[in-house]
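Spelled out from the first residue to the last, the chains are:
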Amino acid sequence: MRILVTGARGKVGTAAVEALVAAGHDVTATDLAPPRFDRAAPDAPVVDRVPYVSADLTAAGDAFALIGGFSAGEGAKAGRYDVVVHAAAIPAPGRNAPATVFTNNIGALFNVIEACVRWGVPRLVNISSETATGFHFAERPAYPVYLPLDEEHPCTPHDPYGLSKYFGEQLCDAAVARSSLKVLSLRPTWVQNAASYPLNLGPVVADPSAPSLTGWSYVDADDLGDAIVLAAASDVPGHQVLYLAAADTVGGRDLHASWRAAYPDAPTELRPVARPDASGINCAKAARVLGWHPRRSWRDHLDQDGRPLPH
């Protein structure tokens with residue numbers, strides 16, 4: 001299939017491009033970064049070897065030209081894509097003005113959806129976020145109603161990033177109600193790759209008292225890439241929201257015991273889990289809808305003290 005990946009030079013977008021190319025798809029990448037006009041070296045990263053278009057998706061003209069296939073390559077244009085994987089976003093609040101985070105994220109997604117609907121793109125894979133629930137960046141204390149989280153948990157985001165992701169899912173609901181577009185919104189938890197495990201998870205593994213409002217959940221970027229491949233090929237109708245997380249907690253913590261120790265006054269209901277170190281996010285729906293199962297762990301990169309494993 002011809003697949004467009006937005007936000008292709010970010011952590012999620014890079015993983016998506018690599019996984020989709022490995023699965024045999026014809027991938028075009030896009031991001032805000034300027035294009036390179038020299039040929040990529042044979043040993044360059046995959047994301048640098050696929051066709052690339054620089055585009056500002058908050059500009060409707062860029063989005064329509066890109067998704068219609070008129071911005072990619074030279075000569076005759078191949079037309080609209082079979083699938084759009086939308087990973088482009090400012091990835092958190094706090095490092096841009098709140099209005100910039102919200103208007104960038106929601107505006108870009110609106111334009112992508114509108115272009116998909118008008119050009120007749122069959123499938124959109126929307127990269128949403130666990131932050132749609134509202135715990136991570138809340139300005140007042142906020143706790144899960146229950147753990148492990150699932151897709152039925154209420155969403156009450158306080159911050160511009162979580163709001164943009166939650167409202168973005170509602171834009172997807174509206175799109176499938178007015179068109180034949182099929183959408184899967186993936187909610188990955190804290191995404192890690194080989195470079196980021198020591199930086200991000202190493203200190204959490206090393207500190208048994210480190211808190212986590214989503215139950216010490218994370219997901220490997222390659223597992224996320226696998227889910228994106230499955231989502232791109234899926235024919236599931238309508239709009240479905242799916243959580244994605246590793247099977248275990250960061251550091252192999254006992255989920256229930258660690259939650260009670262970190263948040264003794266939280267009213268969170270702790271629901272039964274299949275193993276003591278089960279993730280704070282339940283991915284049963286992703287298994288049911290996509291056949292996706294996480295295969296990777298922090299243990300592939302770190303020892304029990306959070307130090308990088310030798311490679």
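On a predicted model such as this, the values are computed, not experimentally measured, just so you know. (Residues numbered from 1 in each chain as written. Predicted model: local features only at pLDDT ≥ 70, side-chain atom pairs only at ≥ 80, totals over all residues. Heavy atoms only, no water.)

(A) Region of the structure containing the side chain of Asp 248. Mapping Asp 248 onto the fold places it in the loop between β10 (239-244) and α8 (255-262). Of the polar contacts made by the side chain of Asp 248, one reaches the side chain of Tyr 218; its length is 2.5 Å. There is a polar contact of 2.8 Å between the side chain of Asp 248 and the side chain of Ser 297. If sequence neighbours within four positions are ignored, Asp 248 has contacts with Trp 216, Tyr 218, Arg 275, Asp 277, Ser 279, Ser 297, Trp 298 and Arg 299. (Helix = DSSP H or I, 4+ residues; strand = E, 2+ residues; numbered from the N terminus. Polar contact = N/O pair within 3.5 Å; in protein donor to acceptor, adjacent residues only side chain to side chain. Contact = heavy atoms within 4.5 Å.)

(B) Up close: unusual backbone geometry. Put simply, Leu 147 and Pro 148 share a cis peptide bond, and its omega is -5°. Structurally, the position occupied by Pro 148 is in the loop between β6 (146-147) and α5 (160-178). Phi is positive for Trp 216, close to 55°, though the residue is something other than glycine. Secondary-structure assignment places Trp 216 in the loop between α6 (196-206) and β9 (219-220). With relative accessibility at 2%, the residue Trp 216 sits in the buried group. (Buried < 20%, exposed > 50% of the residue type's maximum accessible area, 1.4 Å probe, protein only.)

(C) The arrangement of the packing of helix α1 (residues 11-22) against helix α7 (residues 221-233) in detail. Where α1 contacts α7, the axes come no closer than 8 Å and their chain directions differ by 60°. For the element pair α1 / α7, the angle class is oblique. Every pair of crossing elements has a handedness; the one defined by α1 and α7 is right-handed. Counting all contacts with α1, which are made through Val 12, Ala 15, Ala 16, Ala 19 and Leu 20, the residues of α7 involved are Ala 221, Leu 224, Gly 225, Asp 226, Ile 228, Val 229 and Ala 232. Broken down by class, the residue content of the contact of α1 with α7 amounts to 10 nonpolar, 1 polar and 1 charged. (Axes fitted to C-alpha atoms, helices over the stretch in contact; angles between N-to-C directions. Parallel < 35°, antiparallel > 145°, perpendicular 65-115°, else oblique. Left-handed = near helix turned anticlockwise from the far one by under 90°. Nonpolar A, V, L, I, M, F, W, Y, C, P; charged D, E, K, R; others polar.)

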